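Chain and residue survey
Given next are the chains, with one letter for each unit.
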Amino acid sequence: MWNDKRYHTLDYELKKTFGQKVIKLSLDGGFTCPNRDGSVGERGCIFCGEQGSGDFAGCSTLPILEQIAQQKEFLSAKWPRGKHLAYFQNFTNTYAKVDRLDQLYSEALQVEDMVGLAIATRPDCLPLEVLELLEEYARKTYLWVELGLQTTNPISAEFIRRGYDLECFATAVACLQERNIPVVVHLIFGLPGESAEDMLNSVRFIAKLGVWGVKLHLLHILKDTDLYEHYLTNPFPTLTQEEYVGLVCDALEILPPEVVIHRLTGDGNKKFLVAPRWSLDKLRVLSSIDQELRARDSWQGK
Ligand code: SF4
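Scoring rules and cut-offs
Residues numbered from 1 in each chain as written. Predicted model: local features only at pLDDT ≥ 70, side-chain atom pairs only at ≥ 80, totals over all residues. Heavy atoms only, no water. Helix = DSSP H or I, 4+ residues; strand = E, 2+ residues; numbered from the N terminus. Buried < 20%, exposed > 50% of the residue type's maximum accessible area, 1.4 Å probe, protein only. Contact = heavy atoms within 4.5 Å. Pairing = 2+ DSSP bridges. Axes fitted to C-alpha atoms, helices over the stretch in contact; angles between N-to-C directions.

**Describing the overall build of the protein**
Per the secondary structure count, the protein includes 10 helices and nine strands. Along the three orthogonal principal directions, the C-alpha set of the protein runs to about 45 × 45 × 40 Å. For the protein, the residues scored as buried account for 54% of the 302 residues in total. Long-range contacts, defined as pairs at least 24 residues apart, comprise 81% of the intrachain contacts of the protein with a sequence gap of at least 6.

**What about helix α8 (residues 226-233)?**
Those residues of α8 that sit buried are Asp226, Leu227, Tyr228 and Tyr231. The inward-facing, buried residues of α8 contact α5 (154-159), β7 (221-222) and β9 (273-275).

**Structural notes on the sheet that holds strand β8 (residues 260-263)**
Pairing is parallel in the open sheet, where seven strands are placed in the order β1-β2-β3-β4-β5-β6-β8. Both outer strands of the open sheet, β1 (22-27) and β8, are each paired with one neighbouring strand and no more. When the angles between neighbouring strand axes are averaged without regard to direction, this sheet yields 25 degrees. Its contacts with the sheet put helix α2 (residues 64-75) on β1, β2 (83-88) and β3 (114-121), and the angle it makes with β1 is roughly 130 degrees. Sheet strands touched by helix α7 (residues 196-209): β4 (142-150), β5 (183-189) and β6 (213-218). Its angle to β5, the strand with the most contacts, is close to 170 degrees.

Laid out in structure tokens, this is it:
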């Protein structure tokens, strides 16, 4: 339905828009996060590692143009041809003065073959001047903004130390949508204490918001995180591959067909991933999702 897939992949969407492969380059703009610097919290979200959820991004000590060159070189073996998109991934990529943001974003866009920007941030880091800057960029380039909701369950939100409530998130989505800025939402499956119904309620919530894209993640327990410390003293069951695949297929059936699926599996850093280790075989997880959708004779939005 979307080429060879039963769900609306980002790859399909980008090829449809640009007529060729678009490769995302993960960048580190040297930002921090209010959930780490003491403004909202000091230790960050419980699952967040030292890289601020951007284990594969460029190195923050390098200028953006050098990071871009490095990332292109690194990814050229896998994708020798294609356009590029600058993905500001690590920490909170709108958490700085507007001039600094403008400088970083525009620097990335100067690069030949750079077709747009993806900016990951928090809903509580979108003051009016930042929204106006993003609106300007949305007018002149291909842009989306990513927000990490993870769950709609308030008990889980407190457990993960997210640091903002659902109202803050919904307001941010509305402010971005008013300015025609596409929004991508991250959700995590497998948070301790959450039932399948809790996870699917989060999916139902974002399905109704009219967001442009979704990233589904499996909860990873990584060694350099507070979640790992918690897991050692309070072990909890992590999802099996079968459970995860079933949940992802349920979620895809709930999400409207126009929602772009940016991700269905996480990229856990092999060195740090404690559980679930089965997730390291990403290809197997993805093909199990395809198989399950076929077995159900189902597809996104069904
Ligand atoms: S908001 Fe993002 S960068 Fe900040 S602590 Fe949470 S996961 Fe890490």
